[in-house]
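The lines below spell out each chain.
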Amino acid sequence: MKDYIIQVESLSKSFSSHKALDDCTFSIERGEIFGFLGPSGAGKTTTIKLLSGQLHKDEGNIMVLNDNPFSHEIKQKIGIMSDTSGLYEKMSVYDNLALFADIYGVDHSQVDRVLKEVDLTEHKAKLVGKLSRGQKQRVVFARTIIHSPEILFLDEPTANLDPATAQEVRDIIKLLNKNGTTVFLTTHYMEEVEEIADRIIIMDKGKKIAEGTLKELLEKYKDTLIYTLYLDNVSLDIKDSLLKIEGLETIEIIDNSIKATVSKNNDTLDKILLFLVQHNYHIRKMETEEGNLEMVFLELTGKKLRD
């Protein structure tokens, strides 16, 4: 029998005339990293607030650890991380974490534990205001896990971080998950979900439009290829002409390149190449890649996850 740590059924939430969530149903198993994807306005942050007892639902049912999300006991078993706000910049790293240890009623020995887990031990006496953005993000992580929560809600945990620091944060998430923490993750970075999520939901306009493992979602598009054609010069008005080619699924014009998504099993690429030759375009190079999660997302929502 599956051990569901979160169960959501027919969940809806509106703000005035705007429906942020519309009849959303899903379950999360204990020990999963659950990726929650969607363009801006899809309902991701609203969902976290509903699951963590920060907002009241309009309709539907929510069970977190077999309890109501507004239960006092639940508050002691979850951790919520959004951004670096709420840190006291004129206090040391250690004192910031000791304060939150007191709030959660845990021993100060846990401060040293979390400092080690997020690799900040050597910075514990430093004022938070003197830290880099990446280090501040790690302090927020440490604060979020000071009470050893069973579930972590992470809302864009690597937003605006440089690639190296973002990878460090992902490594921390994987380590915490390996040690038994269930993770609910929203992100604007497709590669983040591909790297660490066990299962994925794709949302759009408050509705769930797809759910599955990365392999399951990609399986639907296994017969699709993405071709990138590099040209000497590309006019933006070429896009309208190319879109008339039968079998072309999506197309992007990026600088002097054309990125086209086509099926493996038709002659669409030949038609594109013939059109370019007939209109005197010189193709310098062509690259091919298999379908990926970004392509699935674009196909389902008609939007990129981030611009």
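Please refer to the structure higher up on the page.
The shown structure was predicted, so the numbers you read here are calculated from the model rather than taken from an experiment.

1. Some thoughts on the overall build of the chain
No. 1: Scanning the chain for helices and strands turns up 11 helices and 13 strands.
No. 2: The 307 residues of the chain split such that 47% are buried.
No. 3: Taking the contacts inside the chain whose residues are at least 6 apart along the sequence as the reference set, 69% of them involve residues at least 24 apart.
No. 4: Entry remark: accessible area of the chain is about 15,300 Å², with carbon and sulfur atoms responsible for 47%.
No. 5: When the 39 positive and 50 negative side-chain charges of the chain are each reduced to one mean point, those points stand 3 Å apart.

2. Examining the pattern of salt bridges
No. 1: Going through the model one piece at a time under the given rule, you end up with 21 salt bridges.
No. 2: We note a salt bridge from Lys 208 to Glu 211, for which the minimum N-O separation is 2.8 Å.
No. 3: With relative accessibility at 32%, the residue Lys 208 sits in the partly exposed group.
No. 4: One salt bridge connects Lys 285 with Glu 287, and the closest N-O pair in it is separated by 3.4 Å.
No. 5: Lys 285 sits in the partly exposed class, given a relative accessible area of 43%.
No. 6: The network of salt bridges with shared partners includes Arg 170, Asp 171, Lys 174, Glu 192 and Glu 195.

3. Quick notes on the sheet that holds strand β2 (residues 18-29)
No. 1: Here 3 strands make up an open sheet; going across it, the order is β2-β1-β4 and the pairing antiparallel. Looking at which strands have only one partner, the edges of the open sheet turn out to be β2 and β4 (59-64). Sheet twist, expressed as the average angle between the axes of neighbouring strands with direction ignored, equals 15 degrees.
No. 2: Of the strand pairs in this sheet, strand β1 (residues 4-15) and β2 are connected by 8 bridges, and their pairing is antiparallel.

4. Concerning unusual backbone geometry
No. 1: The phi angle at Asn 66 is positive, at roughly 60 degrees, despite the residue not being glycine.
No. 2: Here Asn 66 is to be found in the loop between β4 and α2 (72-75).
No. 3: Residue classification places Asn 66 among the exposed positions, given a relative accessible area of 58%.
No. 4: Positive phi, close to 55 degrees, is recorded for Lys 205, a residue that is not glycine.
No. 5: Topologically, Lys 205 is positioned in the loop between β8 (199-204) and β9 (207-212).
No. 6: For Lys 205, a relative accessible area of 63% corresponds to the exposed category.

5. Focus on the side chain of Lys 136
No. 1: Among the structural elements, Lys 136 can be located in helix α5 (residues 133-144).
No. 2: Within the structure, Lys 136 has its side chain in polar contact with the side chain of Glu 89 (distance 3.0 Å).

6. Topic: the nonpolar core
No. 1: Leu 97, Phe 141, Leu 154 and Ile 173 are the most contacted members of the largest nonpolar core, which totals 32 residues.
No. 2: Only α3 (93-104), α4 (109-117), α5, β6 (151-155), α6 (163-178) and β7 (182-186) provide two or more residues apiece to this core.
No. 3: If we skip the residues at most four places from it in the chain, Leu 154 touches Ile 48, Met 81, Phe 141, Ile 173, Val 183, Phe 184, Leu 185 and Thr 186.
No. 4: Grouped together as the second largest cluster of nonpolar side chains are 24 residues, Phe 26, Ala 42, Ile 62 and Met 203 included.

7. Section: α6
No. 1: With 16 residues, α6 extends 22 Å from end C-alpha to end C-alpha; this agrees with the ideal 22 Å at 1.5 Å per step.
No. 2: Packed against the buried residues of α6 are β3 (33-37), α4, α5, β6, β7 and α7 (190-196).
No. 3: Sitting at the head of α6, Asp 162 places a side-chain oxygen 3.1 Å from the backbone nitrogen of Ala 164.
No. 4: Once α6 ends, the next one or two residues include Gly 180, with phi positive near 115 degrees.

Each value, and the rule that gives it
- Residues numbered from 1 in each chain as written.
- Predicted model: local features only at pLDDT ≥ 70, side-chain atom pairs only at ≥ 80, totals over all residues.
- Heavy atoms only, no water.
- Helix = DSSP H or I, 4+ residues; strand = E, 2+ residues; numbered from the N terminus.
- Buried < 20%, exposed > 50% of the residue type's maximum accessible area, 1.4 Å probe, protein only.
- Contact = heavy atoms within 4.5 Å.
- Areas by Shrake-Rupley, 256 points an atom, 1.4 Å probe, with all protein chains shown as cover.
- Lys, Arg positive; Asp, Glu negative; His and termini not counted.
- Charge placed at Lys NZ, Arg CZ, Asp CG, Glu CD.
- Salt bridge = Lys/Arg side-chain N within 4 Å of Asp/Glu carboxyl O.
- Pairing = 2+ DSSP bridges.
- Axes fitted to C-alpha atoms, helices over the stretch in contact; angles between N-to-C directions.
- Polar contact = N/O pair within 3.5 Å; in protein donor to acceptor, adjacent residues only side chain to side chain.
- Core = buried A, V, L, I, M, F, W, Y, C linked by side-chain atoms within 4.5 Å.
- Expected span 1.5 Å × (residues − 1).

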